[in-house]
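# Commentary on secondary and tertiary structure
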Amino acid sequence: MALYGTSRINARGHLEIGGCDVVELAQTYGTPLVIYDEEYIRRRCQAFVQAFKDKGMQAQVAYASKAFSSIAICQLIEEEGLSLDVVSGGELYTALKAGFPPERIHFHGNNKSIQELKMGLETGIGCFVVDNFTELAHLHALAEACQQKVKILLRITPGIEAHTHEYITTGQEDSKFGFDLNSGQAFEALKQALSQPYYHVLGLHAHIGSQIFDTAAFQLVIQRLAQFVQEASKKLGWQISVLNLGGGFGIRYTAEDTPLLPQEYVYALCDSVHKEWQTLRQPLPEIWIEPGRSIVGEAGTTVYTIGAFKEVPGVRQYISVDGGMSDNLRVALYQAKYEACVANRMTEDNSEVYTVAGKLCETGDILIWDLPLPRVKEGDLLAVFCTGAYGYSMANNYNRIPRPAVVMVRDGEAHLIIRRETYGDLIRNDIPLMSKITQK
Ligand SMILES: Cc1ncc(COP(=O)(O)O)c(C=O)c1O
Ligand SMILES: N[C@@H](CCCC[NH3+])C(=O)O
């Protein structure tokens, strides 16, 4: 088990994050509770930004808000000077309500609705990452209708698979995302976009997957895109201003994971762009990246209360917690692995092996298989590490379980950033049966 950011074991033998005793946080806010270590998120943001400065590269680091979106996180990201990647009207709405400067927002998505495109145009976002020919036509028509020139990047599918889980790779040819490079689609898209008067084609975007531990795939993408840029400049006279290399930088969920430091990823990207562009003999583009998981993943911890026990003799001991696949879908979806500890017994030795089950009516609702822990009792607190990315953001109300509360902690203070959902919230949009309404 590793401790992240400001986490430590305090004098009471409890887990402490951001100077706050996790046992006290659980008493105050209830469980399941998602705890974000504010200082650690800020440190991660700063590491990415500083790395580009070290290399003297013009850059934008855009936090991919799909990893975790809320008013408070958008405000924190804004304070750290990052840009923001949104993929839906809902994420855009959240960012705008947080007061995020629209010109620093980039709008992604493979099926943006007309309403979402209009919302982006009307609010003056920084750029659209155009994903396909349908969007290329729609967005231009909307821009023309309001006589507004719009900045775009074209999302390219470079035909490169990063070595990661099959469901979270996106750069391979057979993907729903982007204009395919090898078949000539990308070239055709650029040609079309350049012929449209209301487009300002800033550059290209490629994202090859998530939870990537080395830089080889990124270097390959840069090589391919550089070749494409050369072809485009020869045949279309176009010069690229922005090269967006997406996100995907890995984090350490368990000892099996061996991520690089933010600066190691960034240095490698910068070196590779330098090298390729030297051959091209063109001005260096601005580099944009879109880290999501690597900003918030390790900074999030979910605390559950342990409830029921079940032993299958000679097979395993199950402990059940008061959440599960409703607040963390990643295990069921990707066989994701996590480490955890007992927040109120941090100094005790591991003597048991438990399988941690959620409380949902689904056999696959297991959070961690075969987890070494001290002997636990009902009411103990299980803290699962590294749930900060794609945990709350993929939370759902399966079995009508309310979503957890989320707090941000720093310097001994906790601040509630998302209230726990209530049963009332769950039925807020329900409408009674017609016959019950007409009876009244
Ligand atoms: C286009 C794009 N950008 C950025 C991200 C963020 O990825 P990650 O959270 O792995 O950094 C994703 C998700 O994989 C993505 O699809
Ligand atoms: N939601 C995924 C990653 C998908 C990234 C979005 N393109 C995860 O939890 O790992």
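Predicted, not measured: the structure shown is a model, and the values here were computed from it. (Residues numbered from 1 in each chain as written. Chains lettered and ligands numbered in written order. Predicted model: local features only at pLDDT ≥ 70, side-chain atom pairs only at ≥ 80, totals over all residues. Heavy atoms only, no water.)

## Topic: the environment of valine 406
- Here valine 406 shows up in strand 20 (residues 405-410).
- A C-alpha to C-alpha distance of 9.1 Å links valine 406 and proline 32, two positions 374 residues apart in sequence.
- In this view, valine 406 contacts Leu33, Val34, Tyr36, Phe68, Tyr392, His415, Leu416, Ile417 and Ile418; residues no more than four positions away in its chain are not counted. (Helix = DSSP H or I, 4+ residues; strand = E, 2+ residues; numbered from the N terminus. Contact = heavy atoms within 4.5 Å.)

## Thoughts on the packing of aromatic side chains
- Scanning the model with the defined rule gives ten aromatic pairs in all.
- A ring pair is formed by phenylalanine 48 and phenylalanine 249, whose centres lie 5.6 Å apart and whose planes are at 40 degrees; its orientation type is tilted. In this pair, phenylalanine 48 sits in helix 2 (residues 38-54) while phenylalanine 249 sits in the loop between strand 12 (242-244) and helix 9 (262-280), placing the two residues 201 residues apart along the sequence.
- By the ring-pair criterion, three or more aromatic residues cluster together here, those being Phe48, Phe218, Phe249 and Tyr265.
- A cation over an aromatic ring shows up here: lysine 235 above the ring of phenylalanine 187, its NZ or CZ 5.5 Å from the ring centre. (Phe/Tyr/Trp six-rings, centres within 6.5 Å; stacked < 30°, edge-to-face > 60°. Lys NZ or Arg CZ within 6 Å of the ring centre and 35° of its normal.)

## Details of the site of ligand 1
- With respect to spatial proximity, 15 residues lie near ligand 1, and among them His207, Ser210, Glu290, Arg293 and Tyr390 are the closest.
- When ligand 1 sits alone it has 390 Å² of accessible area, and the protein chains cover 93% of it.
- For the shell around ligand 1, the residue count by class is three nonpolar, seven polar and five charged. (Near = heavy atom within 4 Å. Areas by Shrake-Rupley, 256 points an atom, 1.4 Å probe, with all protein chains shown as cover. Nonpolar A, V, L, I, M, F, W, Y, C, P; charged D, E, K, R; others polar.)

## A few points about the sheet that holds strand 2 (residues 15-17)
- Here we have three strands laid out as an open sheet, ordered 1-2-3, and antiparallel in their pairing. Both outer strands of the open sheet, strand 1 (8-9) and strand 3 (20-21), are each paired with one neighbouring strand and no more. (Pairing = 2+ DSSP bridges.)

## With respect to the pattern of salt bridges
- A full pass over the atoms with the stated rule returns 23 salt bridges.
- Between arginine 345 and aspartate 380 there is a salt bridge, and its shortest N-O distance comes to 2.7 Å. Highlighted residues: arginine 345 in the loop between strand 16 (340-342) and strand 17 (352-357) and aspartate 380 in the loop between strand 18 (366-373) and strand 19 (381-385), separated in sequence by 35 residues. Both residues of the pair, arginine 345 and aspartate 380, belong to the buried class. (Salt bridge = Lys/Arg side-chain N within 4 Å of Asp/Glu carboxyl O. Buried < 20%, exposed > 50% of the residue type's maximum accessible area, 1.4 Å probe, protein only.)

## What to know about the confidence of the model for the protein chain
- Looking at the protein chain, the pLDDT average stands at 96 and 97% of residues meet or exceed 70.
- Averaged pLDDT values over the elements of the protein chain bottom out at 86 in helix 13 (residues 434-439) and peak at 99 in strand 4 (residues 33-37).
- The ipTM, which scores confidence in the relative placement of chains, is 0.98 for this predicted complex, and the corresponding pTM is 0.97. (pLDDT = per-residue confidence, 0-100.)

## Overview of the UniProt feature "active site" (unreviewed entry) in the protein chain
- Following the UniProt record, one finds the feature "active site" (unreviewed entry) at Cys361.
- Positionally, cysteine 361 belongs in the loop between strand 17 and strand 18.
- Classification of cysteine 361 as exposed rests on a relative accessible area of 65%.
- Residues contacting cysteine 361, with those up to four places away along its chain left out, are Tyr398 and Asn399. (UniProt positions renumbered as here; feature names shortened; annotations may be inferred.)

## A word on the pairing of strand 8 (residues 127-130)
- The alternating pattern of strand 8 places Cys127 and Val129 and Phe128 and Val130 on opposite faces, both of which are buried.
- The pairing of strand 7 (residues 105-107) with strand 8 spans two bridges and is parallel. Its bridge partner being in strand 8, histidine 106 is matched across the sheet by cysteine 127.
- As paired elements, strand 8 and strand 9 (residues 150-157) share three bridges and run parallel to each other. Among the inter-strand pairings, phenylalanine 128 is bridged to a residue of strand 9, identified as isoleucine 152.
- Note that the unit made of strand 8, helix 6 (residues 133-145) and strand 9 has a crossover that is right-handed. (Right-handed = clockwise from strand over helix to strand, strands pointing away.)

## Points about unusual backbone geometry
- In this structure, proline 32 follows threonine 31 across a cis peptide bond, with omega equal to -10 degrees.
- Positioned with a positive phi, glutamine 211 is a non-glycine residue whose angle comes to about 55 degrees.
- With respect to the helices and strands, the residue glutamine 211 is situated in the loop between strand 11 (199-205) and helix 8 (216-236).
- A relative accessible area of 9% places glutamine 211 in the buried class.
- At glutamine 335, a residue that is not glycine, the phi angle is positive and equals roughly 50 degrees.
- Positionally, glutamine 335 belongs in the loop between helix 11 (330-334) and strand 16.
- Looking at glutamine 335, the relative accessible area reads 56%, which means it is exposed.

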